[in-house]
Amino acid sequence: MTKVLTPPDRTATRRRPLSRDRVLRAAIRLADEGGLEAVSMRKLGQSLRVEAMSLYKHVANKDDILDGIADLVMGDFEVPSGDVDWKTAIRRGAISAHQVLLRHPWASSLIESRLNAGPARLRYLDAVIGVLSAAGFTMPLVMRAIMALDSYAYGFVLQELAWPFDVENAPEVAATFAQGLPAGEYLHLVAIAEMAATAPHGVPVDFEFGLDLILDGLERLRDTAGH
């Protein structure tokens with residue numbers, strides 16, 4: 001019986017062509033796994049199985065990569081829309097930002113440090129300004145609102161990521177903390193630590209609590225400024 005040899009399927013083995021998007025998404029994976037220090041042209045080339053020099057057809061340098069991945073992450077933020085009331089729109093955008101930033105622990109500090117804003121960042125900021133100004137906020141108050149909202153969102157994430165323990169272990173950590181304080185001293189700290197140690201649902205990590213305080217405060221400022 002004659003054996004028929006079929007040629008290999010070259011389309012199955014052909015590498016996907018490089019593109020800027022593919023390079024940047026590989027950089028995000030490296031950063032998620034090892035932090036920003038893990039992102040280099042050499043490691044990107046290894047990750048994509050190409051020579052590092054071929055990356056320069058798609059990205060100018062490491063700064064260009066950092067600008068690009070910061071903007072890609074911001075592209076996952078929910079952009080506030082004028083289809084709902086201003087508070088709901090801004091709230092959704094902030095909650096979305098918080099969730100995205102937690103998935104990429106390196107992103108908070110990177111986004112705030114980049115001088116060159118990409119299209120996703122520009123689109124998000126433009127939408128926030130548009131929603132707030134349409135709701136009756138003056139431009140000076142819009143600027144202050146953006147600073148307050150950004151500081152809270154990025155700062156909250158940085159604080160969460162810096163904790164030296166997992167949040168589910170917070171009751172045990174609180175109990176140990178209370179027991180380690182000198183007897184008869186720091187009574188208020190002892191009281192709140194004991195409360196945290198025995199709370200039925202554990203220690204709340206409530207991003208939305210502070211967010212709502214900011215939004216309610218902004219609403220009062222807007223109404224006061226309008227009179």
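These numbers come from a predicted model, not from an experiment. (Residues numbered from 1 in each chain as written. Predicted model: local features only at pLDDT ≥ 70, side-chain atom pairs only at ≥ 80, totals over all residues. Heavy atoms only, no water.)

Draft legend 1. Representation of the overall build of the chain within the structure. Each helix and strand counted, the chain has 11 helices and 0 strands in total. Tracing the chain from N to C terminus, the helices and strands come up as α-α-α-α-α-α-α-α-α-α-α. For a compact globule of 227 residues, the expected C-alpha radius of gyration is about 17 Å, and the chain comes in at 24 Å, more than 25% above that figure. Summarising its shape, the C-alpha atoms of the chain cover approximately 90 × 55 × 40 Å along the three principal directions. Residue burial in the chain is summarised as follows: out of 227 residues, 38% are buried. Carbon and sulfur atoms make up 57% of the accessible area of the chain, which totals about 14300 Å². (Helix = DSSP H or I, 4+ residues; strand = E, 2+ residues; numbered from the N terminus. Rg over C-alpha atoms; globule rule 2.2 N^0.38 Å. Buried < 20%, exposed > 50% of the residue type's maximum accessible area, 1.4 Å probe, protein only. Areas by Shrake-Rupley, 256 points an atom, 1.4 Å probe, with all protein chains shown as cover.)

Draft legend 2. Molecular detail of the environment of Arg123. As for its placement among the helices and strands, Arg123 is situated in helix H7 (residues 119-134). By relative accessible area, Arg123 is classed as partly exposed at 47%. Separated by 74 residues in sequence, Arg123 and Arg49 place their C-alpha atoms 34 Å apart.

Draft legend 3. How the structure looks around the nonpolar core. Among the nonpolar cores identified, the biggest contains 54 residues, and Ile65, Ile69, Phe77 and Ile111 are the most heavily contacted of them. Elements represented by at least two residues in this core include exactly helix H2 (20-34), helix H3 (41-48), helix H4 (62-74), helix H5 (86-103), helix H6 (107-113), H7, helix H8 (139-162) and helix H11 (207-225). (Core = buried A, V, L, I, M, F, W, Y, C linked by side-chain atoms within 4.5 Å.)

Draft legend 4. Quick look at the pattern of salt bridges. By the definition in use, this model includes 11 salt bridges. Between Asp64 and Arg20 there is a salt bridge whose closest N-O contact spans 2.9 Å. Separated by 44 residues along the polypeptide, Asp64 in helix H4 and Arg20 in helix H2 bring together distant segments of the chain. Judged by relative accessible area, which is 19%, Asp64 ranks as buried. Across the pair Arg114 and Asp67 runs a salt bridge, and its minimum N-O distance is 2.8 Å. With a gap of 47 residues between them, Arg114 in the loop between H6 and H7 and Asp67 in helix H4 connect regions that are remote in the sequence. The burial state of Arg114 is the same as that of Asp67; both residues are buried. (Salt bridge = Lys/Arg side-chain N within 4 Å of Asp/Glu carboxyl O.)

Draft legend 5. Highlighting the packing of aromatic side chains. Applying the stated rule across the entire model yields 5 aromatic pairs. Judged by centre distance (5.5 Å) and plane angle (80 degrees), the rings of Phe77 and Tyr124 are edge-to-face. Here the residue Phe77 occupies a position in the loop between H4 and H5, and Tyr124 occupies one in helix H7, the gap between them amounting to 47 residues. Like Tyr124, Phe77 is buried. When the centroid spacing of 5.0 Å and the interplanar angle of 20 degrees are considered together, the rings of Tyr152 and Phe207 count as stacked. Highlighted residues: Tyr152 in helix H8 and Phe207 in helix H11, separated in sequence by 55 residues. There is no split in this pair, since Tyr152 and Phe207 are both buried. One aromatic cluster in this structure is built from Tyr152, Phe156 and Phe207. (Phe/Tyr/Trp six-rings, centres within 6.5 Å; stacked < 30°, edge-to-face > 60°.)

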